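Residue-level structural notes
One-letter residues, chain by chain:
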Amino acid sequence: DFCLSRGLGDVYKRQPLRGQPAHHLLIAMAMFSKSPLRPAIAHTAGLANNPGAVEEGLAQLRRLSLISQQEERYGMLPLTREYALAELAAYPIFEQEARERWVAWYLKFVEQYGGKDWKEWHIQFDHIEEEWENLLAVFDWCAAHERYQEMRTFWLAGGVNWFAYIYGYYWDDRLTCLTWIIQAAERRGDWATVVEAMAEKGHTLTLTEQLEEADATLKGAWDLHEHANVKVQVKVAENIARLRTYQKQYTEALFWLNQTRVLRDIASFDETERIRRQLVDRNYHGRIYYEMQDYAQAQHYFREVVENAQSIGFDRGLAYALRYLAEIAISQGSFDEAESLLMMGLTTSERNKDKRRTAFYEKSLTDLYIGWKKMSEVRRWALKAHDDFERLGMQRETEEMLALLQELER
C-alpha cells in the first residue's frame, strides 16, 4: 500500500512522468480489460518503434509499483487503473490516437490468428481465446463509436467468427456482435452484409435451439440472398438445410442441400474450399440418412468424408463423420470398432477445443457403454456430456443426458 500510494503520488501529484514514455504506457494500459501483452501496450502507446523507451518506461512503472509483470503480460491494480483512466480522459487527443492504434493492433492480431479451422486450428485460436476479454472491450468500443467497417472485419472477413463458433462458450458474444452488424448494415443499406451476418446468426440460433428465431432469421437472409455473392448464398442454403435437419424436416433439408449444390457449382471457390464445401454437404446428407435409419446410405456419405477430409486438412469435418460411423457401428453391435472411431474423434475434438463436438462424442460414448452394459462408464460419460451441453446452452441435449442420469439412479 505504501509503494502504491507513493507511486500514485509521484504520477498524479508531482506529475514527473507526464509527457514521458512511462506516462503514455500507463494510460494506454488502462484501456485493456485484461492484462495486455507487451507488444499491444507499446503499439497502443505509440511507442512500437522505440523499444528502448518501452523497456525504460515499463521498468520505471514497475519500480513505482504501478504495474506488475507476469511473463509477457502487464497488469495494474483497480485503483491504479481508475486513476490512469481519469488521466487518459484528460488527454483527449492522445486518447483518440491511442484508441485508433488499439483497434488497429487487434485487427492485425485477428488477421494473424483468426480465420478458418484448418488442421490443428487450436494453435491459432488459442491466441484469440487468451485475448478474448480485451477483444470484447474493442468490440464494445467499436460498436459504441459506430466503427462499422472494423466490426465487419473482426467478424465476417475471416476474423473471430469461426473461433467463436467452434470454441462454443462464446455463442452469446457471437449473437450480440452479429446482431449489431445486421442492424448497422440495414441502416447503411449494405444488404450483402445483412445476408451474410443473418446466415451466421441463424446458424448460432439453431445450435442454441432457438429454432423459431433461427427460422425467421434464415428466411430473412434467403429473401435477400440475391444481394450477396454466390459464396454467401451457399452459406445461407447450407444453414437452412442444417435448421431443417434439426427440425427433422428431412425432405426440406434435402431440398436445401440440393440448392447448396447448384449454387456451389457456379461459385468461384478455390479447389481446397470447393472440396471442403462438398464434404460439408456429404456430412449433412449422411446425418439425414442416419436419422432416417438408412444406415447404408449414411455410411456411404460418411466414408467419403473420411477418405477425403485429411487430404485438405479438414479435421473437424473428419471428426463429424467419425462419430456417426461410430454410432452406426454401435447400432450393429460392432463395439470394438465404435470405440476405436470414438477415441480417434474425441482426441481430435478435445485437442482442438471443439466444445460442441467434444460433448457429442461424450454422448456417443454413453451409447457405446450402454451397449457394452458397463454402467459405471455410462454414468461417467453421461455426466461429462451433461455438463458440457449445459455450458454450451444446448437445452435438448442437456435434458437428454439428465434423463439418462435419472434413469441410472433408479
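Refer to the preceding data block for the structure.
Residues numbered from 1 in each chain as written. Predicted model: local features only at pLDDT ≥ 70, side-chain atom pairs only at ≥ 80, totals over all residues. Heavy atoms only, no water.

What follows is about the packing of helix H16 (residues 271-291) against helix H17 (residues 295-309). Angle between the axes and distance between the axes are the two parameters that describe a pair of packed helices. Close contact between H16 and H17 brings their axes to 8 Å; oriented N to C, the two are set at 155 degrees. Of the possible angle classes, the one that applies to H16 and H17 is roughly antiparallel. When the axes of H16 and H17 are compared, the crossing they make is left-handed. Here Leu279, Arg282, Asn283, His285, Gly286, Arg287, Tyr289 and Tyr290 of H16 lie close against H17, whose contacting residues are Tyr295, Gln297, Ala298, Tyr301, Phe302, Glu304, Val305, Asn308 and Ala309. (Axes fitted to C-alpha atoms, helices over the stretch in contact; angles between N-to-C directions. Helix = DSSP H or I, 4+ residues; strand = E, 2+ residues; numbered from the N terminus. Parallel < 35°, antiparallel > 145°, perpendicular 65-115°, else oblique. Left-handed = near helix turned anticlockwise from the far one by under 90°. Contact = heavy atoms within 4.5 Å.)

To continue, consider the environment of Ala241. Structurally, the position occupied by Ala241 is in helix H14 (residues 230-246). Take Ala241: its relative accessible area is 1%, and that puts it in the buried class. Taking C-alpha positions, Ala241 is 17 Å from Arg276, a pair spaced 35 residues apart along the chain. (Buried < 20%, exposed > 50% of the residue type's maximum accessible area, 1.4 Å probe, protein only.)

Taking 1.5 Å of rise per residue, 17 residues should cover 24 Å, and helix H15 (residues 250-266) covers 25 Å from first to last C-alpha, within 8% of that figure. Along H15, the residues classified as buried are Tyr250, Ala253, Trp256, Leu257, Thr260, Leu263 and Arg264. The arc that holds every buried residue of H15, seen down its axis, measures 135 degrees, which confines them to one face. For H15, the exposed residues lying more than 90 degrees away from the buried face are Thr251, Asp265 and Ile266. (Expected span 1.5 Å × (residues − 1). Arc of directions from axis to C-beta.)

One finds Trp132, Phe154 and Trp155 to be the most contacted residues of the largest nonpolar core, which totals 121 residues. Here this core gets eleven residues from one element, more than from any other, and that element is helix H18 (residues 315-331). Those residues in contact with Trp132 that lie beyond four places of it in its chain are Phe139, Trp155, Val160, Phe163, Ala164, Tyr170 and Asp173. (Core = buried A, V, L, I, M, F, W, Y, C linked by side-chain atoms within 4.5 Å.)

Another aspect to go through is empty space enclosed by the protein. To locate leftover empty space, one rolls a probe as large as a water molecule over the atoms. On inspection of all chains with the given rule, the structure shows one cavity of 30 Å³ or more. Taken as a whole, the largest cavity encloses approximately 40 Å³ of empty space. What lines the largest cavity is Tyr165, Ile166, Arg316, Asp354, Arg356 and Arg357. In terms of residue class, the lining of the largest cavity is made up of two nonpolar, no polar and four charged. (1 Å grid on protein atoms, 1.4 Å probe; cavity = no way out; pocket = protein on both sides within 12 Å on 5 of 7 lines; lining within 4 Å. Points joined across faces, edges and corners; volume = space filled by probe spheres on them. Nonpolar A, V, L, I, M, F, W, Y, C, P; charged D, E, K, R; others polar.)

With that settled, the discussion passes to the environment of Ala42. Examined against the element boundaries, Ala42 turns out to sit in helix H3 (residues 38-44). Overall, Ala42 belongs to the buried group, its relative accessible area being 9%. For the pair Ala42 and His24, spaced 18 residues apart in the sequence, the C-alpha separation amounts to 9.1 Å. Apart from the residues lying within four places of it in its own chain, the contact partners of Ala42 are Leu25, Leu47, Ala48 and Val54.

Turning our eyes to something else, we now look at unusual backbone geometry. Of note in the backbone geometry, Glu146 takes a positive phi value of approximately 55 degrees without being a glycine. Examined against the element boundaries, Glu146 turns out to sit in the loop between helix H8 (132-144) and helix H9 (148-155). Relative accessible area serves as the criterion here: at 37%, Glu146 is assigned to the partly exposed category.

What follows deals with the packing of aromatic side chains. With the rule as written, the count across this model stands at 29 aromatic pairs. Ring geometry for Phe163 against Tyr167: centres 4.8 Å apart, planes inclined by 50 degrees, an arrangement best described as tilted. Grouping residues by exposure puts Phe163 and Tyr167 together as buried. Grouped by ring-pair contacts, the aromatic residues Phe125, Trp132, Phe139, Phe154, Trp155, Phe163, Tyr167 and Tyr170 constitute a single cluster. Over the ring of Trp162 we find Arg276, and its NZ or CZ is 5.0 Å from the ring centre. Seen from the ring of Trp381, Lys384 lies directly overhead, with NZ or CZ sitting 5.8 Å from the centre. (Phe/Tyr/Trp six-rings, centres within 6.5 Å; stacked < 30°, edge-to-face > 60°. Lys NZ or Arg CZ within 6 Å of the ring centre and 35° of its normal.)

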